Amino acid sequence: MKNIIVNLCRLLLAITFIFSGYVKAVDPLGTQYKLQEYLESVSLHSFIPSWLVLVIAVLIAAIEFSLGIFALFAVRRRATSKCLFVIMLIMTFITLAIYFFNPIRDCGCFGDAIKLTNGQTLLKNIILLGCSALLCYRPLRMIRFISKSNQWLLINYTILFILVTSVYSLYKLPLFDFRPYHIGADIKKGMEIPNDAEAPQYETTFILKKGDVQKEFTLNDYPDSSWTFVDSKTKLVKEGYVPPIKDFSISTKRGKDITDSILNNKGYTFLLIAPWLEKADDTNFGEIDRLYEYALDKGYPFYCLTASGANGINSWIELTGAEYPFCHTDGTTLKTIIRSNPGLLLLKDGKVVNKWSHNDFPRDEELKGNLDELAISKPHVASTMTKISKIFLWYLLPLILLSIADRIWAWSRWVKEKEKSNKLYNKLFKKKINMRKKIVAGNWKMNLNLQEGLALAKELNETLTVNKPNCDVVICTPFIHLAMAAQTLNSEVIGLGAENCADKEKGAYTGEVSAEMVKSTGAQYVILGHSERRQYYGETPEILKEKVLLALKNNLKVIFCIGESLEEREANKQNEVVKAELEGSVFNLTAEEFKNVIIAYEPIWAIGTGKTATSDQAEEIHAYIRSVVAEKYGDAVAQETSILYGGSCNAKNAAELFSKVDIDGGLIGGASLKAADFLGVIDGWKK
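Scoring rules and cut-offs
- Residues numbered from 1 in each chain as written.
- Predicted model: local features only at pLDDT ≥ 70, side-chain atom pairs only at ≥ 80, totals over all residues.
- Heavy atoms only, no water.
- UniProt positions renumbered as here; feature names shortened; annotations may be inferred.
- Helix = DSSP H or I, 4+ residues; strand = E, 2+ residues; numbered from the N terminus.
- Pairing = 2+ DSSP bridges.
- Contact = heavy atoms within 4.5 Å.
- Axes fitted to C-alpha atoms, helices over the stretch in contact; angles between N-to-C directions.
- Buried < 20%, exposed > 50% of the residue type's maximum accessible area, 1.4 Å probe, protein only.
- Salt bridge = Lys/Arg side-chain N within 4 Å of Asp/Glu carboxyl O.
- Parallel < 35°, antiparallel > 145°, perpendicular 65-115°, else oblique.
- Left-handed = near helix turned anticlockwise from the far one by under 90°.
- Nonpolar A, V, L, I, M, F, W, Y, C, P; charged D, E, K, R; others polar.

- Per an unreviewed UniProt entry, the recorded name for the protein is Triosephosphate isomerase, and the organism is Hoylesella nanceiensis.
- Database annotation for the protein, UniProt heading Subunit (unreviewed entry): "Homodimer."

Next up, the structure:
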């Protein structure tokens, strides 16, 4: 259930970020305008140049889209989840401020595709923040679709794809046009308000003064003429129907409104859209002049709509020699109509027939004849589904194929490793496998005082004497228990071992206990190389090599521990780690000496954590360990070597673990401190 919840959160975040990033990427100028709106609300717009805002807009889109894809495919799970959490934390604080202070009415998180109120945006971000926090807390529960070694392909391809998308949309026009002036839109119809639509309600407050007294009044309590008017303010009390197009108007330089005459014109009209002529690209002014000459020759109206004043218009005329008429339209409206400065709009009967960026104006060869006969008046506008299909083919399909190929490759590699590790053992040596000793060894660690330890040893001895176990049983105790425990235990029922011994034979080593001393207590086993000894006491392979040699010299059987950390497991280095630990400390032994070594595989990430490697994971690494022993000492020795599992093994999972071919028992920690728990593990061999 935890995995399901984490992956549902991962899916929600991925879809949201992919959609949000993509709609920004296909309309980078729209994202730039929204960022400038944010900057104006905090009076910072004059400090940051527009080109830098545009770069930031492109980067924001790329980051959002890429993180969404990385979350979807579980790429760099820790880094991705942390980035998502940080971004959502920042965005939640920003939208919280916007909700309370209301500097802008639309956050622009989904561009023009979906409009959300500030309240809706805040709620969305709170939900996504919770999802990202859960993902950040449990990133490794995200299921990978592409193995770590091949993730670089997806990362580079994703970043390249989204940056190319933004550059293309900047050079041409947005691939998806969510604005009310898209090709095919009826501008006049978009301005209409239905008869039954609810009108917005406004409240006007008048500020009046009488003598030294200044007060505010409404229409309901407006005073007599003795009060002098100072100011008035109008606020929206209740929102009503707002038409898709509400600010479209065209007026001549002399102030005459010609909106209706243009929209009602029965025929074609060219509108050159230049929100600000001072900032317009003048590279292709020659093509604009030729378009105007074509329109003049064919009798099509041609206007330049701009928000610039007389100075801007005059500068443009001086620079380009423009002879076409200029009209005034609101700058925000012009930026909404087309994402290009300048851009070209072709109308017919008030409907948008076609649109061009200044980089893509119609060429001379496309203007030979009347518009009714030309392709530019009949543009092939791909449907939304067609565009989505193309994106799928160019981007998503290669990723899906990469994922499938990667999974097949990973599966085939696993099969080969499995065959390599199990082929000889499962087929040729089944009889020998059954001859290996089955062992359950308890490691008490630094637990139980002398009285408690002897009581536990006595209880185990009595129980196992009556109910004979199906395996060899060993208890490895602290040094202080050994001598007295040896007198309590029946050595034919329970073996006795120490948890460590010194790497020196004897001498001035205060506090150390030699292998000879351990043997003198009556013990038959000693645990060496435990991860806690390696971690806390700095035991190196060389130190362990000396300990193993001294233990064997004193006729002690060695339970030698090996295993990887969580980081090494996630890096798929577990095989390298266990092989290096064997080579560093026990592979110097002869084959005859090695027969007195019992290997205990202990995944460090599962010791004392309650986590357990799955039985398949444990079997896989045990089989690999046996194959390494076989490479060194031959198959016969490998088949006689008992390999124990030592990672949070307990009564509940023992039977499943012990059922695996290459798992010969367990090195038990916490579950060995109570007789009932330890006996439950031993009984795993009976199930």
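### Structural notes on the UniProt feature "transmembrane region" (unreviewed entry) in the protein
Step number 1: Within this structure's numbering, the places UniProt gives as "transmembrane region" (unreviewed entry) are residues 49-72, 84-102, 122-140 and 152-171.
Step number 2: The distance from the first to the last C-alpha atom of residues 84-102 is 25 Å, and the span holds 95% helix and 0% strand.

### Notes on the sheet that holds strand E6 (residues 302-306)
Step number 1: Pairing in this open sheet of six strands is mixed, and the strands run E4-E7-E6-E5-E8-E9 from one edge to the other. The open sheet has two edge strands, strand E4 (251-252) and strand E9 (351-357), and neither has a second partner.
Step number 2: Note: strand E8 (residues 343-348) against E9, six bridges, orientation antiparallel. Directly across from Lys348, in E9, lies its bridge partner Lys351.
Step number 3: Along the sheet, helix H9 (residues 285-298) contacts strand E5 (268-274), E6 and E8; its crossing angle with E6, the most-contacted strand, is approximately 135 degrees.

### What to know about the UniProt feature "active site" (unreviewed entry) in the protein
Step number 1: Residues annotated by UniProt as "active site" (unreviewed entry) correspond here to His530 and Glu602. Spatial clustering of the annotated residues is evident: they stretch over 73 residues in sequence, but the largest pairwise C-alpha distance comes to 8.3 Å.
Step number 2: Mapped onto the elements of the fold, His530 is located in the loop between strand E13 (525-528) and helix H17 (531-537).
Step number 3: Here His530 falls in the buried class, since its relative accessible area comes to 6%.
Step number 4: Along the polypeptide, Glu602 turns up in the loop between strand E15 (597-601) and helix H22 (615-633).

### A look at the pattern of salt bridges
Step number 1: Applying the stated criterion across every chain yields a total of 25 salt bridges.
Step number 2: One salt bridge in this structure joins Asp27 and Arg339, with 2.9 Å as the shortest N-O distance. Within this pair, whereas Asp27 is found in the loop between helix H1 (2-25) and helix H2 (28-41), its partner Arg339 is found in the loop between helix H11 (331-337) and E8, the two being separated by 312 residues in sequence.
Step number 3: The exposure class assigned to Asp27 is buried, which follows from its relative accessible area of 9%.
Step number 4: The salt bridge involving Asp664 is made with Arg626; its shortest N-O contact spans 2.8 Å. With Asp664 in the loop between helix H24 (654-658) and strand E17 (665-668) and Arg626 in helix H22, this pair connects stretches of sequence that are 38 residues apart. When sorted by exposure, Asp664 lands in the same class as Arg626, which is buried.

### Quick notes on the packing of helix H14 (residues 450-466) against helix H25 (residues 675-682)
When two helices pack together, their arrangement is given by the angle between the helix axes and by the axis-to-axis distance.
Step number 1: Packing of H14 against H25 brings their axes to within 10 Å, and their N-to-C directions diverge by 40 degrees. On the basis of their axis angle, the class for H14 and H25 is oblique. When the axes of H14 and H25 are compared, the crossing they make is right-handed. Between H14 and H25, the residues in contact are Leu456, Glu459, Leu460, Thr463 and Leu464 and Ala675, Phe678, Leu679 and Ile682, respectively.
Step number 2: Of the residues assigned to the contact of H14 with H25, the class counts are seven nonpolar, one polar and one charged.

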